[in-house]
Amino acid sequence: MTQLFSGPGAAVISVFFALASCANSDASASDGAGSTSTDVTAVSASAAAAETAVVEQATSAVQQTRFSFSGEMTQGGWIRGVVPKGTVSASLGEETLQLAEDGSFFAAFDRDNAGSAKLTATLGDGKSVSETLTISSRQWNIERVNVARRKGGPSAAYMARRGPELDAIWDARQKKLPENGWQQDFIWPVKGRISGKFGSQRIYRGEPGSYHSGIDIAPGNGVPFVAPADGVVVLAVKNFSLEGNLLIIDHGMGLNSAFLHASKIAVSEGDRVRQGQYIGNIGSSGRATGPHLHWSLKWNNSRLDPLLFVGPM
Ligand SMILES: [Zn+2]
């Protein structure tokens, strides 16, 4: 089975909403509403499939007539699974799934994915198999403030700087390398106080600001952090206007991690990193109110909650 890549398409990224800075992390620092996620209890589909394979003395994941999968079927969550036998292409909603040779796949649900999501496989005989998933809603940490959202767009000088930065981030995330880190149980890049939760958002007199795109961990300035899973460094840059020193790791299947505000980046673009490998030090470069690691996860165009990958600290 060949690798399937979703087309790059036309990049339309809001200038105000790239990796999203931690500008509203002060809003999310207050641990008010229960936006904490559920425990990660699901056994990975690949692990389950591997056990079955041992029993049946097969060499790869066992494919059935239906999708098999498990994970976190909630907003910002994910699944790993295996497509039905005979699948030639598969999708989750509008997103084409990349498929491993044994038919295993990764898919995920955006923070604003409400209600349901549909997995569809097209088989070699032209038939299709589909399955509708129920995606549970989350209670986000929402703060309503009685001030107007900043008006007036960015200056021409800022735009001139920001455009190339956004292009570099987009290009890095479009590489979608055939890495295998997506199969692993992710680990915390560093442990410490959570100073900002994924999905937190401010509403300015009824007008929503952009939500917090990652999780902020604040164990102190200069503390080293590690790769949460295997992958390849697809971006390692200094002094981006919002992100500061920014590192992006491609975990394969369209899944990638971004690490913002580092004081030091210890790896270079093209480096292959292993889970647990030291990759940088925490700092406050870019737009940050204090030293912390902002870790965000994206699958194609969906923004995901890192907490649903690693579980409680
Ligand atoms: Zn942040």
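Before reading further, recall that the structure is shown in the block above.
This structure is a prediction, so every number in the text was calculated from the model and none was measured.

Definitions and limits used
- Residues numbered from 1 in each chain as written.
- Predicted model: local features only at pLDDT ≥ 70, side-chain atom pairs only at ≥ 80, totals over all residues.
- Helix = DSSP H or I, 4+ residues; strand = E, 2+ residues; numbered from the N terminus.
- Buried ≥ 20, exposed ≤ 12 C-beta atoms within 10 Å, placed from the backbone.
- Contact = placed C-beta atoms within 7 Å.
- Expected span 1.5 Å × (residues − 1).
- Core = buried A, V, L, I, M, F, W, Y, C linked by C-beta atoms within 7 Å.
- Domains from an automatic or database assignment.
- Pairing = 2+ DSSP bridges.

Description of the overall build of the protein chain
Here is step 1: From N to C terminus, the protein chain includes 4 helices and 21 strands.
Here is step 2: Within the protein chain, the fraction of its 313 residues that count as buried is 44%.
Here is step 3: In the protein chain, 70% of the contacts between residues at least 6 apart in sequence involve partners at least 24 apart.

A short note on helix α3 (residues 156–173)
Here is step 1: In this model α3 runs 26 Å from its N-terminal to its C-terminal C-alpha over 18 residues, within 8% of the 26 Å that 1.5 Å per residue would give.
Here is step 2: Turning to α3, the residues buried within the fold contact β14 (231–240), β15 (244–252), β16 (255–262) and β20 (293–299).

Some details on the nonpolar core
Here is step 1: Counting 62 residues, the largest nonpolar core has Phe 105 and Leu 247 as its most contacted members.
Here is step 2: Counting residues per element, this core draws most heavily on β14, at 6 residues.
Here is step 3: A domain split of this core shows at least three residues from each of domain 1 (25–36 + 140–310) and domain 2 (45–135).

A word on unusual backbone geometry
Here is step 1: Despite not being glycine, Arg 205 has its phi angle at roughly 45 degrees, a positive value.
Here is step 2: For Asn 300, which is not glycine, the phi torsion reads 45 degrees and is therefore positive.
Here is step 3: Considering the arrangement of structural elements, one finds Asn 300 in the loop between β20 and β21 (302–304).

Observations concerning the sheet that holds strand β13 (residues 224–226)
Here is step 1: The 3 strands lie next to each other as β13-β19-β17, forming an open sheet whose pairing is antiparallel. The open sheet is flanked by β13 and β17 (264–265), the only strands paired with a single partner.
Here is step 2: Examined bridge by bridge, β13 and strand β19 (residues 278–281) share 3 bridges and lie antiparallel to one another. Each residue of the ladder has a partner; that of Val 226, found in β19, is Tyr 278.

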